[in-house]
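# Inside the fold
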Number of protein chains: 2
Amino acid sequence: MTFSKSFGYALRGILYISLLKDEPRKISIDEIAEKLSVPRHFLGKIMKAVVKAGILSSTRGLQGGFFINEKTLDTPLLTIILLTEGNNYFNTCLLSMRKCNSSNPCPLHNKVEEHKDGLLQIYGQTLVSDLLQDDKADFVKSLATVEAA
Amino acid sequence: MTFSKSFGYALRGILYISLLKDEPRKISIDEIAEKLSVPRHFLGKIMKAVVKAGILSSTRGLQGGFFINEKTLDTPLLTIILLTEGNNYFNTCLLSMRKCNSSNPCPLHNKVEEHKDGLLQIYGQTLVSDLLQDDKADFVKSLATVEAA
DNA sequence: TCAATAAAGGACATCGATATCCTTTTTATT
DNA sequence: AATAAAAAGGATATCGATGTCCTTTATTGA
């Protein structure tokens with residue numbers, strides 16, 4: 001039910017850049033980190049991986065920064081999950097047993113299988129573009145880390 | 001979708017002890033750790049917490065060990081989850097945002113809400129006794145850590 | 001009472017995720 | 001060419017989950 005912080009930072013960064021797709025400028029790590037209240041250097045590392053995976057593009061130097069490419073908006077959440085959580089996030093046995101699958105199920109396996117599949121469906125079908133919202137100011141606000149209520 | 005190793009060890013330990021409920025003897029950490037191929041001392045720490053929570057009982061000394069009590073078999077998985085994962089495992093925002101709930105949802109919140117609730121239902125309704133299986137030898141085997149295929 | 005046993009408790013070690021900092025490389029502008 | 005800006009890369013720090021070890025406490029049986 002939980003994702004790593006890396007996943008949260010990655011998706012929020014991608015959404016922030018996607019939201020500004022119509023602006024001519026590129027977006028720097030400094031800006032993203034500040035607007036989303038996310039640790040600057042850690043975010044840098046994560047965005048590097050996101051670019052390496054082809055989900056976003058970037059250029060160095062003056063006027064450089066991050067920007068969307070032809071894949072960005074059509075990227076399923078699942079791709080980002082697999083990038084940040086590792087390839088067997090959905091294969092991991094809930095009971096920390098190494099060998100557990102449908103033919104060799106742990107006591108919990110079948111009980112959760114259906115919902116696991118449901119989530120996989122959602123993550124596979126939901127694209128970055130599906131998460132964007134019209135009101136930019138509101139959306140940026142909703143992406144920023146805020147102290148718990 | 002993932003639980004800590006602590007949860008896996010706790011549940012498997014509880015199941016192992018529950019399985020042997022008809023034997024007159026009490027079960028030691030050494031036996032559980034060996035039969036389940038789980039780290040001995042770490043398991044000890046976890047079982048201590050399980051006993052403290054009242055899910056199991058134990059006595060020290062010669063002939064001592066762990067044994068089930070009136071609550072054990074009727075304990076819902078959710079109780080064990082909350083014990084090992086902390087009380088807000090199901091409240092954690094998937095995007096690592098501090099403030100996120102149904103009235104203030106993050107971009108992913110509503111997409112997964114339904115399945116989250118479904119899993120909560122399962123974990124709340126499934127009892128330790130529901131996971132026990134008739135064939136003891138087979139069941140113990142299915143509880144033991146095995147190298148990935 | 002004494003010895004053996006087993007959980008309880010606490011100190012410490014390790015490891016991976018998270019986070020920070022500094023250097024290198026690339027790019028645009030002057 | 002020189003400078004400034006920004007990502008890329010790499011070294012190190014921190015923290016919590018995991019794991020090990022040793023001591024203390026409780027219990028049984030001789």
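This part takes up the pattern of salt bridges. What the rule picks out here adds up to six salt bridges over all chains. As a salt-bridge pair, Glu23 of chain A and Arg25 of chain A come within 2.6 Å of each other at their nearest N and O atoms. Residue classification places Glu23 of chain A among the partly exposed residues on the basis of a relative accessible area of 33%. A salt bridge links Arg25 of chain B to Glu31 of chain B; its shortest N-O distance comes to 2.7 Å. Given a relative accessible area of 37%, Arg25 of chain B falls into the partly exposed group.

Let's shift gears to the packing of helix α1 (residues 5-19) of chain B against helix α2 (residues 29-36) of chain B. Residues and elements named next belong to chain B. Where α1 contacts α2, the axes come no closer than 10 Å and their chain directions differ by 110 degrees. Classified by the angle their axes make, α1 and α2 are roughly perpendicular. The residues of α2 that touch α1, namely those facing Arg12, Gly13, Tyr16 and Ile17, are Glu31, Ile32, Lys35 and Leu36. Tallied by class, the residues present in the contact of α1 with α2 amount to four nonpolar, one polar and three charged.

Conventions we followed
- Residues numbered from 1 in each chain as written.
- Chains lettered and ligands numbered in written order.
- Predicted model: local features only at pLDDT ≥ 70, side-chain atom pairs only at ≥ 80, totals over all residues.
- Heavy atoms only, no water.
- Salt bridge = Lys/Arg side-chain N within 4 Å of Asp/Glu carboxyl O.
- Buried < 20%, exposed > 50% of the residue type's maximum accessible area, 1.4 Å probe, protein only.
- Axes fitted to C-alpha atoms, helices over the stretch in contact; angles between N-to-C directions.
- Helix = DSSP H or I, 4+ residues; strand = E, 2+ residues; numbered from the N terminus.
- Parallel < 35°, antiparallel > 145°, perpendicular 65-115°, else oblique.
- Contact = heavy atoms within 4.5 Å.
- Nonpolar A, V, L, I, M, F, W, Y, C, P; charged D, E, K, R; others polar.

So, to be careful, I would describe these as geometric facts and stop short of saying anything about function.
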